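Geometric and topological summary
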Amino acid sequence: MLAFYLAQLPKVFGPVTRMPNGVQITDPKAPYTFVSFSRDATGDLLVVGMRNALVEPPAPQRTDAFGVTLMPGSREMFRGPSMVTATVKGNAKQVFDYYASRYGKLPGVMVFRHEDNDPPTMALMGQQADVAWKMVSVNRYDAGGKDVWMVAVMGKAE
C-alpha cells in the first residue's frame, strides 16, 4: 500500500517524503499534507488523508456514506472504499439527535451515547443490522473548536 502511494502521489501533488506511518506531501499548494496508514481494532487498514488547512477544501460532492445521510452542512474530509469522514458544526445534542433519530432505532443497531463525557461521544454500531455500515462515530473535532464534530462512517466489508 505504501509503495502505491509513494509512486502515485508525486504524479498528482509533486514531491513527497516517506514517513514511518505514511507519506508527507511537500507542495504547500497541495490539498493534502499527509497520507497516513493505521489499522482499526478488527485489523482493517485505514488510509487517512490530512487536508491542508491553508487550501480551501472542495465543496462536498455527495451527502451519503454507506447508506447514511450526512447531517446538512457537513464537509467531507475523506472518502475511501471503507470509510467516509466529515465535519459538521452544531452542539452535541443537535448532532447526536440527528444520527440517533435516523439510524438508532433500526433493528439490530446499538447506540452508545455519552453526552456527559468530556468530550461527549456517540457511536452507532450496525454490525448486526441490515445496513451497509458497521459504525457511525461522532467525536469532537479538536482542531475545529468545541462545536465542530467529526463524523466517521465505516462501511461493512463486502
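In short, a report on the structure. If you're wondering where the values come from, they're calculated on a predicted model, not measured in any experiment.

A separate point is the overall build of the protein chain. Counting its regular elements, the protein chain contains two helices and twelve strands. Reading the protein chain from its N end, one meets helices and strands in the order α-β-β-β-β-β-β-β-β-α-β-β-β-β. Computed over its C-alpha atoms, the radius of gyration of the protein chain comes to 17 Å, within 12% of the 15 Å expected for a compact globule of 158 residues. A total of 158 residues make up the protein chain; the buried ones form 38% of that total. Pairs at least 24 apart in sequence give 34% of the contacts found in the protein chain among residues at least 6 apart.

Tyr-99, Leu-124, Trp-133, Val-136, Val-138 and Val-153 are the most contacted members of the largest nonpolar core, which has 25 residues in total. Elements that contribute at least two residues to this core include exactly β8 (83–89), α2 (92–103), β10 (121–125), β11 (133–140) and β12 (148–155). Here the element with the most residues in this core is α2; it accounts for seven residues. When sequence neighbours within four positions are dropped, the list of residues in contact with Val-136 reads Val-68, Tyr-99, Met-122, Ala-123, Leu-124, Val-151, Ala-152 and Val-153. Residues Leu-9, Val-23, Ala-30 and Val-47 belong to the second largest nonpolar core, which totals ten residues.

The topology assignment puts Gly-14 in the loop between α1 (2–13) and β1 (16–19). Given a relative accessible area of 21%, Gly-14 falls into the partly exposed group. Distance in space between the C-alpha atoms of Gly-14 and Lys-29 is 10.0 Å, their sequence separation being 15 residues.

So, on to unusual backbone geometry. Along the chain, Asp-118 connects to Pro-119 via a cis peptide bond; the corresponding omega equals 5 degrees. Among the secondary structure elements, Pro-119 is positioned in the loop between β9 (110–114) and β10.

What the rule picks out here adds up to six aromatic pairs. Here Phe-96 and Trp-149 contribute two aromatic rings whose centre-to-centre distance is 5.6 Å and whose plane-to-plane angle is 65 degrees, an arrangement assigned as edge-to-face. Of this pair, Phe-96 sits in helix α2 while Trp-149 sits in strand β12, placing them 53 residues apart in sequence. Of the two residues, Phe-96 and Trp-149, neither departs from the other in class, the shared state being buried.

Another aspect to go through is the sheet that holds β12. With respect to topology, six strands assemble into an open sheet ordered β7-β8-β12-β11-β10-β9, the strand pairing being antiparallel. The sheet terminates laterally at β7 (75–79) and β9, the two strands that pair on one side only. Each neighbouring strand pair of the sheet contributes to a mean axis angle of 10 degrees, computed without reference to strand direction. Examined bridge by bridge, β7 and β8 share four bridges and lie antiparallel to one another. Bridge pairing in β8 links Arg-75 to Thr-87.

So, how was this worked out
Residues numbered from 1 in each chain as written. Predicted model: local features only at pLDDT ≥ 70, side-chain atom pairs only at ≥ 80, totals over all residues. Heavy atoms only, no water. Helix = DSSP H or I, 4+ residues; strand = E, 2+ residues; numbered from the N terminus. Rg over C-alpha atoms; globule rule 2.2 N^0.38 Å. Buried < 20%, exposed > 50% of the residue type's maximum accessible area, 1.4 Å probe, protein only. Contact = heavy atoms within 4.5 Å. Core = buried A, V, L, I, M, F, W, Y, C linked by side-chain atoms within 4.5 Å. Phe/Tyr/Trp six-rings, centres within 6.5 Å; stacked < 30°, edge-to-face > 60°. Pairing = 2+ DSSP bridges. Axes fitted to C-alpha atoms, helices over the stretch in contact; angles between N-to-C directions.

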